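# Structural characterization, general
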Amino acid sequence: MNFVIFKYAFIKLTNIRMLFGLLIFSIIAPALSAFMPIDEPNQRQLISAYITGPTVTMLISFVLVQDAALNQKSLNDGEYLALLFSRPVIRLQYIVSKWLANSIIVNIYTLLSVSCYAIAANALHRNIALVLSPYTFLDVFLNSISYTALVIVISAIPFKLGIWVYMAVLYSIMGISMTPMMSLAPDKYSAVTWLGNFAFYFATMLKTFVVPSVDTFSILQSGSLLVTGILTYASNLTLYILFASILLNKREFSYASE
Amino acid sequence: MPPCVEITNLYKTYNRGKTHVLDNVSLQINAGEIFGLIGPNGAGKTTLMTSMLALTIPNAGLISINGFPAANLGNRRVTGFLPERPHFDAWMTVEQFLHYHHELAGLSTKEAEANVNDVLTKVELEFSVKKRLVRRLSRGMLQRLGLAQVLIGRPEICFLDEPASGMDPLGVQLIRQLLLEWKKAGTTVVLNSHHLDEVEKTCDRIAFMKDGKIRFIEELTNIQQNKQHLTIKWHVDTDVNKNIQAILDRTASNLNTSYTNAGDNKATFAINEIAAPYKIISDLVGQGLEIEEAMPQKHSLEELFRDLSRNLKENEHK
């Protein structure tokens, strides 16, 4: 890890304007969502999946991770990185340092977000006990780390292309968030149900391979899942970091190449 | 002087080999020299510079800095870079930005404050801007900050891509002063610039690039000596004026040189030896020409640039 990169990434992320904007995002938005009527079990699950799932985490981390998007007039992050990599900085160290700094901040925001939702929902006497448990907080913590790693991979792509990849992943993730409420339709002869089933399979595959998440409750309750769950999580994290590093190593930092 | 940058048969293409940006480039840059890269837009100067810094990956060829491959991390401890389009961390203050680069360069944090003040003085930025956000700086101030960022790493080799871009005349003067200080201190500088007068005043050697190829490398003193000329202005005299063409032709023929009649009683002779100005004046006076003015002039880099560009264009048409 490069401590200088980590330190300054952390200073950037605790920038007062950034803090102010994201605190609103982490406190007001989830608290307001607790006001939504949640009579149907599916609606309750949907809101919970939204609050604890990857969508919010990825939105927050994308805002934080990008070098070019929010603090540069130009959207060309290559010109910013050219100066950085003219210094003795190993690109893998840059990736790891940025990921660690961002994971800490993202976790603060997402845990705050989940807590605000839980407090507001309890205060309003919403029945959320089914979906929010201590395991949820542990899941959110671990998943925020892996979702941030995924965003780090996207941020290693040149920004102009990366923004499209991010949008595609985010839209897919919104679909993934629905999987707990989905099931395969029994009628396999209708084109509409075929399409629906295809979407379900696609979202499930994506959830398993692209955005893997930890279900600590299952891991801790069932001994057979323990090793597989931890291994999947650890291997995905490693792959994300390595892949981000490979992407960054392949990149050229000159306006002529952009 | 030993070469500190060596480039051998460098090739770089974009668009899957369709666009040749660098085409068999080979050159050596000596330690302690100020080396100018000139050429029209799109010649490949920036790509060559970023290749030396291993920010661009060449398709073929070798680059070594102080004997090590360009991608060696150790090189970055001795190099400084000012990109043509600097995009700095806009959220930082000037002070934070310089501290950041001081630490990235691997220098001790104990001496950071003194070094930051020192480089701010060198680039003539007032201490009052230390607390100002980078995003609040003007274009010229950003360029000065970029120079401060180069200086803070105490580089042995500086790569400056259009350092005078967006600078006012005082800023341009500052760059000249810094370059001369670097020259005095034995720092190697690779300068890519369209400000040819600055290149002319500071560089030891220049390379002219076009279409990804180095077309011409020469020491600046040789260029200036080889391309001197003498402009003669004579008194208007009706008798002599009738024969002026013959007089000028005769002098050119006698002294084995060439001239161009600039009109308005002026002609410019090419100078091919040290004694040529004296001989030209004597010959013209001997033929009865009353000389009012004789002005020796060095061939400017701008003229060389124009001539080279024109010659290359003509050769392409042939």
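Residues numbered from 1 in each chain as written. Chains lettered and ligands numbered in written order. Predicted model: local features only at pLDDT ≥ 70, side-chain atom pairs only at ≥ 80, totals over all residues. Heavy atoms only, no water.

Our focus in this paragraph is the overall build of chain A. Check the secondary structure of chain A and you find 11 helices and 0 strands. Beginning at the N terminus, the succession of helices and strands in chain A can be written as α-α-α-α-α-α-α-α-α-α-α. Of all 258 residues assigned to chain A, the portion counted as buried reaches 48%. Counting only contacts in chain A whose residues sit at least 6 apart along the sequence, the fraction spanning at least 24 positions is 81%. Carbon and sulfur atoms make up 74% of the accessible area of chain A, which amounts to about 12600 Å² in all. (Helix = DSSP H or I, 4+ residues; strand = E, 2+ residues; numbered from the N terminus. Buried < 20%, exposed > 50% of the residue type's maximum accessible area, 1.4 Å probe, protein only. Contact = heavy atoms within 4.5 Å. Areas by Shrake-Rupley, 256 points an atom, 1.4 Å probe, with all protein chains shown as cover.)

Residues and elements named next belong to chain A. Relative orientation of the contacting elements helix α4 (residues 54-65) and helix α6 (residues 91-123) amounts to 135 degrees, with a least axis distance of 10 Å. One element, α4, and the other, α6, form an angle in the oblique class. Considering only the axes of α4 and α6, their crossing is right-handed. Contacts between α4 and α6 involve Thr-57, Ile-60, Ser-61, Leu-64 and Val-65 from the first element and Lys-98, Asn-102, Ile-105, Val-106, Tyr-109 and Thr-110 from the second. (Axes fitted to C-alpha atoms, helices over the stretch in contact; angles between N-to-C directions. Parallel < 35°, antiparallel > 145°, perpendicular 65-115°, else oblique. Left-handed = near helix turned anticlockwise from the far one by under 90°.)

This part is about a nonpolar patch on the surface. On the surface, a nonpolar cluster with roughly 720 Å² of combined accessible area is contributed by Phe-20, Leu-23, Ile-24, Ile-27, Ile-28, Leu-32, Phe-35 and Leu-124 of chain A. Structurally, the position occupied by Leu-23 of chain A is in helix α2 (residues 16-33). (Patch = residues over 30% accessible without salt bridge, like charges linked within 9 Å, V, L, I, M, F, W, Y side chains within 5 Å. Salt bridge = Lys/Arg side-chain N within 4 Å of Asp/Glu carboxyl O.)

Another aspect to go through is the sheet that holds strand β5 (residues 68-69) of chain B. Residue and element names in this part refer to chain B. The sheet built from 4 strands is open, its strands ordered β2-β1-β4-β5 with antiparallel pairing. Single-partner strands in this sheet number two, and they are β2 (19-30) and β5. Note that strand β1 (residues 3-14) and β2 share 9 bridges and pair antiparallel. Bridge pairing in β2 places Lys-12 opposite Leu-22. (Pairing = 2+ DSSP bridges.)

Across soluble globular proteins, nonpolar side chains have a tendency to be buried as a group. Counting 117 residues, the largest nonpolar core has Met-58 of chain A together with Leu-48 and Leu-98 of chain B as its most contacted members. Excluding residues within four positions of it along the chain, Met-58 of chain A makes contact with Tyr-147, Leu-150, Val-151, Ile-154, Tyr-166, Val-169, Leu-170 and Ile-173 of chain A. (Core = buried A, V, L, I, M, F, W, Y, C linked by side-chain atoms within 4.5 Å.)

All right, on to the domain arrangement of chain B then. According to the domain assignment, chain B contains domain 1 (5-219) and domain 2 (228-298). The centre of domain 1 of chain B, based on its C-alpha atoms, is set 45 Å off from the matching centre of domain 2 of chain B. (Domains from an automatic or database assignment.)

It is worth spelling out the side chain of Ser-113 of chain A at this point. Residue and element names in this part refer to chain A. Along the chain, the position of Ser-113 falls in helix α6. We classify Ser-113 as buried; its relative accessible area is 4%. Not counting chain neighbours up to four residues away, the residues in contact with Ser-113 comprise Ser-26, Pro-30 and Ile-51.

Attention shifts here to helix α3 (residues 112-122) of chain B. Residue and element names in this part refer to chain B. All of the buried residues along α3 are Ala-112, Asn-115, Val-116, Val-119 and Leu-120. Axial view of α3: buried residues confined to an arc of 135 degrees, hence all on one face. When the buried face of α3 is taken as reference, the exposed residues oriented beyond 90 degrees from it are Ala-114 and Thr-121. In this structure, the buried side of α3 is in contact with α2 (94-104) and α4 (139-152). (Arc of directions from axis to C-beta.)

All names here are of chain B. In terms of residue burial, strand β8 (residues 188-192) counts as a mostly covered element, since 5 of its 5 residues are buried. Across the two faces of β8 the burial is the same, with Thr-188, Val-190 and Asn-192 and Val-189 and Leu-191 all buried. Relative to β8, strand β7 (residues 157-161) runs parallel, the two being bridged by 5 bridges. The residue of β8 that forms the bridge with Cys-158 is Val-189.

Attention now moves to the pattern of salt bridges. This model, assessed by the stated rule, comprises 15 salt bridges over all chains. Two residues, Lys-12 of chain B and Glu-252 of chain A, come together in a salt bridge whose shortest N-O distance is 2.6 Å. Of the two residues, Lys-12 of chain B is situated in strand β1 and Glu-252 of chain A in the segment after α11 (223-250); the pairing between them involves two chains. Here Lys-12 of chain B falls in the buried class, since its relative accessible area comes to 5%. A salt bridge links Arg-176 of chain B to Glu-198 of chain B, with the shortest nitrogen-to-oxygen separation between them at 3.1 Å. One end of the pair, Arg-176 of chain B, is in helix α5 (residues 169-185); the other, Glu-198 of chain B, is in helix α6 (residues 196-202), and 22 residues separate them in sequence. Residue Arg-176 of chain B is classed as partly exposed on the basis of its relative accessible area, which comes to 25%. Residue class for Glu-198 of chain B comes out buried when judged on its relative accessible area of 4%. One salt-bridge network, held together by shared partners, links Glu-95, Glu-113, Lys-130 and Lys-131 of chain B.

Attention shifts here to the sheet that holds strand β3 (residues 34-38) of chain B. All names here are of chain B. Judged by pairing direction, the sheet is mixed, and its 6 strands sit side by side in the order β6-β7-β8-β3-β9-β10 without closing on themselves. Each edge of the sheet is formed by a strand with only one pairing partner; in this case those strands are β6 (79-82) and β10 (213-219). Put simply, the sheet's adjacent strands are angled 15 degrees from each other on average, direction ignored. Inspection of the sheet shows β3 paired to β8 by 4 bridges, in the parallel sense. Paired with Gly-36 across the strands is Leu-191, a residue of β8. Running at roughly 150 degrees to β8, helix α1 (residues 45-52) makes contact with β3, β6, β7, β8 and β9 (205-210) of the sheet. On the sheet, α4 packs against β6 and β7 and is oriented at approximately 170 degrees with respect to β6.

This part covers the interface of chain B and chain A. Taken residue by residue, the interface counts 35 residues in chain B and 32 residues in chain A. For the chain B and chain A pair, buried surface summed over both sides reaches about 3200 Å², with 56% attributable to carbon and sulfur atoms. Taken as a group, Leu-55, His-87 and Trp-91 of chain B account for 24% of the area that chain B buries against chain A, more than any other trio of residues on that side. For the interface between chain B and chain A, the tally reads 2 salt bridges. On inspection of chain B and its partner chain A, the count reaches 8 residue pairs in polar contact (both at pLDDT 80 or more). Looking at the side of chain B that touches chain A, the elements that each hand over two or more residues are β1, α1, β6, α2 and α4 of chain B. Ranked by residues supplied to the side of chain B that touches chain A, first place goes to α2 of chain B with 7 residues. (Buried area = accessible area lost by both parts, 1.4 Å probe. Polar contact = N/O pair within 3.5 Å; in protein donor to acceptor, adjacent residues only side chain to side chain.)

So, about the packing of aromatic side chains. Counting across every chain of the model gives 7 aromatic pairs over all chains. An aromatic cluster is defined as three or more aromatic residues linked by ring pairs; in this entry it consists of Phe-3, Phe-6 and Phe-10 of chain A. Between the NZ or CZ atom of Arg-91 of chain A and the centre of the ring of Phe-85 of chain A, over which it lies, the distance is 4.8 Å. Geometry around Phe-127 of chain B places Lys-130 of chain B over its ring, the cationic atom sitting 5.4 Å from the centre. (Phe/Tyr/Trp six-rings, centres within 6.5 Å; stacked < 30°, edge-to-face > 60°. Lys NZ or Arg CZ within 6 Å of the ring centre and 35° of its normal.)

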